[in-house]
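Single-letter residue listing:
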Amino acid sequence: MKGSKLKVNLILMVLLILAIAFLAPILIVLMNSFKGKFFISDTPFLLPNSKTFAGLSNYVNGLIKTGFIQAFGWSLFITVSSVVVIVLFTSMTAWYITRVKSKLTKSIYYLFAFSMIVPFQMVMFTMTKVANVLHLDNPFGIIIIYLGFAAGLSVFMFAGFVKSIPLEIEEAAVIDGCSPIQTFFMVVFPILKPTAITVAILNTMWIWNDYLLPYLLIGNEYKTIPIAIQYLRGGYGSIDMGAMMAMLVLAIIPIIVFYFTCQKYIIKGVIAGAIKG
Amino acid sequence: MEKKLIKYFPIFTLPTLLAFLIAFLIPFLLGLYLSFTEFTTVLNAKWVGLSNYIKAFENKEFLNALWFTARFAVVSVITINVCAFTLAFLLTRGIKGTNLFRTVFFMPNLIGGIVLGYIWQLIINGILYKFGVTLTYDAKYGFWGLVILMNWQLIGYMMIIYIAGIQNVPTDLIEAAKIDGASPLKILRNVTIPMVMPAITICLFLTISNSFKLFDQNLALTAGAPSKKTAMLALDIYNTFYGRVGWEGVGQAKAVIFFILVAIMAFAQLIFTRSKEVES
């Protein structure tokens with residue numbers, strides 16, 4: 001018994017050291033965000049002292065340079081509206097193509113599934129051109145583009161769940177006089193809720209952090225958070241390290257808040273997404 | 001009900017289908033076509049046959065990116081999965097506080113690639129400073145920097161999947177092995193690992209495909225420096241499209257090659273998973 005207690009303590013020690021190592025990078029960035037910009041690159045592991053402490057000046061500087069507040073607004077707007085649109089339309093599509101069995105719906109399903117394996121670089125250039133022609137290169141149009149890219153995984157996940165819903169429930173609703181639209185929103189969608197949460201979480205994580213797609217499509221006029229941060233690099237590789245540290249901290253805070261409020265769903269969603277994707 | 005539903009096609013599927021056509025299907029087909037042409041804007045495309053593909057395979061930067069990506073994928077797949085499995089194994093021993101550890105280890109996965117890149121640029125440059133070099137001094141620093149970054153990001157993710165797999169192993173199976181006098185190491189090798197094989201397959205393919213498609217982290221950490229030696233496939237394709245006028249066709253051809261590589265891996269996974277299912 002004594003031996004096993006020793007073993008448990010040993011494992012705990014190892015885990016504790018690892019946990020500190022995992023958190024260290026974030027803490028180091030936080031610490032450096034309060035140091036003057038010339039004291040960061042060379043000695044990132046030293047705590048700020050009276051000579052290097054810069055107060056909140058990095059934050060003020062960074063906010064002005066990057067327009068971080070607008071960027072936060074655009075990130076929030078694009079992520080939330082895209083996710084709402086994605087959950088609504090892909091669940092409807094998934095229900096229809098699972099319930100109506102024809103060659104057409106079957107081919108749509110396989111096309112969606114196929115799109116999941118195509119890397120973004122394959123369509124990056126042509127998609128940007130098509131979106132320009134159709135005037136989708138703005139924060140509203142990009143929602144449609146996100147719906148198109150999310151269709152693969154989202155329809156696939158919803159369809160997997162719809163297959164497990166017994167037909168009798170829906171037929172009962174139809175007999176009670178529900179139209180297909182009423183049946184979907186009053187009977188089917190409430191049953192789909194767990195999958196809807198998973199789909200919403202997976203798409204939120206992707207769209208919030210997405211860099212290249214919004215950069216190519218709307219980056220000149222509208223910056224999301226990743227674009228604002230990359231913008232700090234500027235030409236010729238000269239980075240204002242102070243502003244960079246402060247903006248990294250501001251970029252991480254919303255993610256941590258999101259993580260701690262929805263941790264249970266995030267972990268469930270990630271497992272479900274990994275297994276089905 | 002199916003009959004009643006059929007005529008609702010426009011309401012239920014058209015929005016998604018139209019968005020899918022605009023964002024994916026038309027660009028995909030157009031991209032396939034353009035890879036055989038020379039163009040600067042889509043409208044002035046001129047058919048050139050396979051010459052873009054020949055140029056792509058003669059392009060030193062592309063071959064370097066291919067080799068760099070392949071090496072990177074192999075190293076990260078091994079390190080990430082070994083670490084993640086070990087952590088998952090330690091966290092399923094019923095020790096107090098495991099939930100807290102799980103929370104901490106998973107967190108980096110939620111942080112976006114650009115932010116991750118700059119976090120690690122700071123830290124790695126800070127360490128290398130003591131040796132008088134920087135991250136972009138030599139390609140090997142960029143390589144190992146990316147490996148460390150990728151480990152930090154994905155270990156928690158894979159760990160979560162392994163934990164789910166290990167928790168699904170029936171406890172009576174392990175009890176039976178214990179009663180039969182099997183050592184803990186034997187139980188791990190002969191009971192636990194075979195039982196979590198599906199999770200291992202998923203994690204292996206997830207890490208391979210994530211490593212191959214890496215872009216944001218690569219752009220933020222080194223942006224390919226020094227002299228494009230640390231540019232991975234996705235970044236090299238991006239550079240060809242937007243950094244070299246007249247090479248858009250070659251960029252598209254590289255993208256098609258990239259797509260075929262990723263597709264082969266996805267099909268390999270599908271076939272592998274199917275054959276396992278048949279066995280059990």
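Residues numbered from 1 in each chain as written. Chains lettered and ligands numbered in written order. Predicted model: local features only at pLDDT ≥ 70, side-chain atom pairs only at ≥ 80, totals over all residues. Heavy atoms only, no water.

**Considerations on the domain arrangement of chain B**
Residue and element names in this part refer to chain B. Taken domain by domain, chain B consists of domain 1 (2-34) and domain 2 (55-279). Each side of the interface is counted separately: domain 1 has four residues, and domain 2 has four residues. For the pair domain 1 and domain 2, the two sides together bury roughly 290 Å², of which 78% comes from carbon and sulfur. Taken together, domain 1 and domain 2 are joined by zero salt bridges. Where domain 1 packs against domain 2, one counts zero residue pairs in polar contact (both at pLDDT 80 or more). Here the side of domain 1 that touches domain 2 is composed, by residue class, of three nonpolar, one polar and no charged. (Domains from an automatic or database assignment. Contact = heavy atoms within 4.5 Å. Buried area = accessible area lost by both parts, 1.4 Å probe. Salt bridge = Lys/Arg side-chain N within 4 Å of Asp/Glu carboxyl O. Polar contact = N/O pair within 3.5 Å; in protein donor to acceptor, adjacent residues only side chain to side chain. Nonpolar A, V, L, I, M, F, W, Y, C, P; charged D, E, K, R; others polar.)

**Some words on empty space enclosed by the protein**
Residue and element names in this part refer to chain A. A complete count under the given rule lists two cavities of 30 Å³ or more for this structure. Reported here for the largest cavity is a volume of approximately 50 Å³. Lining the largest cavity we find Ser75, Ile78, Thr79, Ile142, Tyr146, Ile207, Trp208, Asp210, Pro214 and Thr224. Of all the elements in the fold, those that place two or more residues in the lining of the largest cavity are helix H3 (68-99), helix H6 (141-162) and helix H8 (180-209). Looking at which element gives the most residues to the lining of the largest cavity, the answer is H3, with three residues. Elements with a contribution of two residues or more to the lining of the second largest cavity: H8, helix H10 (225-231) and helix H11 (241-276). (1 Å grid on protein atoms, 1.4 Å probe; cavity = no way out; pocket = protein on both sides within 12 Å on 5 of 7 lines; lining within 4 Å. Points joined across faces, edges and corners; volume = space filled by probe spheres on them. Helix = DSSP H or I, 4+ residues; strand = E, 2+ residues; numbered from the N terminus.)

**As for the interface of chain A and chain B**
Counting residues at the interface gives 95 residues for chain A and 90 residues for chain B. When the two sides are added together, the surface that chain A and chain B hide from each other amounts to roughly 8,300 Å², 82% of it contributed by carbon and sulfur. Remark: the boundary between chain A and chain B carries 15 residue pairs in polar contact (both at pLDDT 80 or more). Tallying contributions element by element places H11 of chain A first for the side of chain A that touches chain B, with 17 residues. Residue composition of the side of chain A that touches chain B, by class: 76 nonpolar, 13 polar and six charged.

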